[in-house]
Amino acid sequence: MFELDINKIKEQSMQFVDTAYKAAMDIADKGKNQLDLASQQNRLAKAQRQLGALVYSLHKADEENQPLVDKYIENIAEIEKAIEEIKARMTPDEAAAAEAAEAEQETEDPNDPTTYHDDPAGLTPEEEQALADAADRPRGETKECPVCHADVDADALFCNHCGAQL
């Protein structure tokens, strides 16, 4: 007749649970790496935009503030280092998927007005002025600089008017 071996069933169940746990943890780690990478890439893009807006506004005002520019460059270097550390933790498959996603983002659409183009020719003086005004305007939520009381982006690291650290 059929004999039930409880210990054998229990052992097989524990092996199954262990295998499922390991698989779930692997999936969670992969998802965390992808999420961390996307977060750092967004931070990098934002820091680069802020640096560009700062340099542009300084140029338009015929001013220089190299220490402030250097702070932004240091911040960008730290973010790039964090991205490389995340990529080093990834499996080859994860890294390949991340590279493909990054390459897709870098592909620019010539008809997309928000895409950067190397050739700025063809801008009217009104368009140039609109760009200059946009560089000086905060984007989205703002906060007040404690030093000069200018409105700056809520996530800005430094005031783009006086250079104070926020």
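About the thresholds
- The written sequence of each chain sets the order in which its residues are numbered from 1.
- It should be noted that, the model being predicted, local features are given only for residues of pLDDT at least 70 and side-chain atom pairs only at 80 or more, the latter also being counted only at that level, while totals for whole chains, interfaces and linings use all residues.
- Side-chain measures here rest on the full set of heavy atoms in the structure, leaving out hydrogens and waters.
- Strands are runs of DSSP state E lasting at least two residues, helices are runs of H or I lasting at least four, and both sets are numbered from the N terminus onward.
- Throughout, exposure labels follow a simple rule: accessible area from a 1.4 Å probe, protein chains only, divided by the maximum for the residue type, with under 20% read as buried, over 50% as exposed, and the rest as partly exposed.
- In this analysis, two residues are considered to be in contact whenever any of their non-hydrogen atoms come within 4.5 Å of each other.
- To be clear on the numbers: accessible area is Shrake-Rupley with a 1.4 Å probe, and residue cover counts the displayed protein chains and nothing else.
- We call a pair of cysteine sulfur atoms a disulfide whenever their separation is within 2.5 Å.
- Angles shown run from 0 to 180 degrees and are taken between the N-to-C directions of axes, each axis being a line fitted to C-alpha atoms and, for helices, limited to the stretch in contact.
- Working rule for angles: under 35 degrees goes down as roughly parallel, over 145 as roughly antiparallel, 65 to 115 as roughly perpendicular, anything else as oblique.
- Left-handed describes a crossing in which the near helix is turned anticlockwise from the far one by less than a right angle; the clockwise case is right-handed.
- Lys, Arg, Asp and Glu make up the charged group, whereas Ala, Val, Leu, Ile, Met, Phe, Trp, Tyr, Cys and Pro make up the nonpolar group; the residues left over, Gly among them, are polar.
- Multiply 1.5 Å by the residue count of a helix minus one, and that product is the helix's expected span.

Draft legend 1. Just the overall build of the protein, in detail. The helix and strand tally for the protein stands at four helices and two strands. Moving toward the C terminus, one meets the helices and strands of the protein in the order α-α-α-α-β-β. Scored against the burial criterion, the 166 residues of the protein give a buried share of 22%. Pairs at least 24 residues apart make up 50% of the contacts formed inside the protein by residues separated by at least 6 positions. When the accessible surface of the protein is summed, it comes to about 12,400 Å², and 54% of that surface belongs to carbon and sulfur atoms.

Draft legend 2. Up close: the state of the cysteines. One pass over the full model with this rule turns up zero disulfides. Just so you know, Cys148 is unpaired, no disulfide at all, and the nearest cysteine sulfur is the one on Cys159, 3.7 Å from it. A relative accessible area of 33% places Cys148 in the partly exposed class.

Draft legend 3. Region of the structure containing the environment of Lys32. As for its position among the elements, Lys32 is in helix 1 (residues 6-60). The sequence separation of Lys32 and Ile86 amounts to 54 residues, and the corresponding C-alpha distance is 9.8 Å.

Draft legend 4. Fine view of the packing of helix 1 against helix 2 (residues 66-89). One way to put it is that helix 1 packs onto helix 2 with a least axis distance of 9 Å and a crossing angle of 165°. Comparing the axis directions of helix 1 and helix 2 gives the class roughly antiparallel. Two packed elements cross with a definite hand, and for helix 1 against helix 2 that hand is left-handed. Per-class residue counts for the contact of helix 1 with helix 2 are 16 nonpolar, six polar and five charged.

Draft legend 5. Representation of helix 2 in the model. Under the 1.5 Å per step criterion, the end-to-end length of helix 2 is 35 Å for 24 residues, consistent within 8% with the ideal 34 Å. Looking at helix 2, one finds that the buried residues are Leu68, Val69, Tyr72, Asn75, Ile76, Ile79, Ile83, Ile86 and Lys87.

Draft legend 6. Structural view of unusual backbone geometry. Residue Asp62 is not a glycine yet carries a positive backbone phi of 55°. Note that Asp62 resides in the loop between helix 1 and helix 2. Owing to a relative accessible area of 72%, Asp62 belongs among the exposed residues under this scheme.

Draft legend 7. Summary view of the side chain of Asn75. Counting through the fold element by element, Asn75 comes out in helix 2. Judged by relative accessible area, Asn75 falls into the buried class, the value being 13%.

Draft legend 8. How the structure looks around the environment of Ala164. For Ala164, the location among the structural elements is in the segment after strand 2 (151-153). Once the C-alpha coordinates of Ala164 and Cys145 are considered, the two residues, 19 residues apart in sequence, prove to be 7.6 Å apart. Leave out the neighbours within four places in its chain, and Ala164 touches Cys145, Val147, Leu157, Phe158 and Cys159.

Draft legend 9. Looking closely at the environment of Leu68. Along the polypeptide, Leu68 turns up in helix 2. For the pair Leu68 and Cys162, spaced 94 residues apart in sequence, the C-alpha to C-alpha distance is 9.3 Å. The residues touching Leu68, leaving out its near neighbours within four places in the chain, are Leu54, Phe158, Cys159 and Gly163.

Bear in mind that shape data such as this cannot, by itself, settle questions of function.
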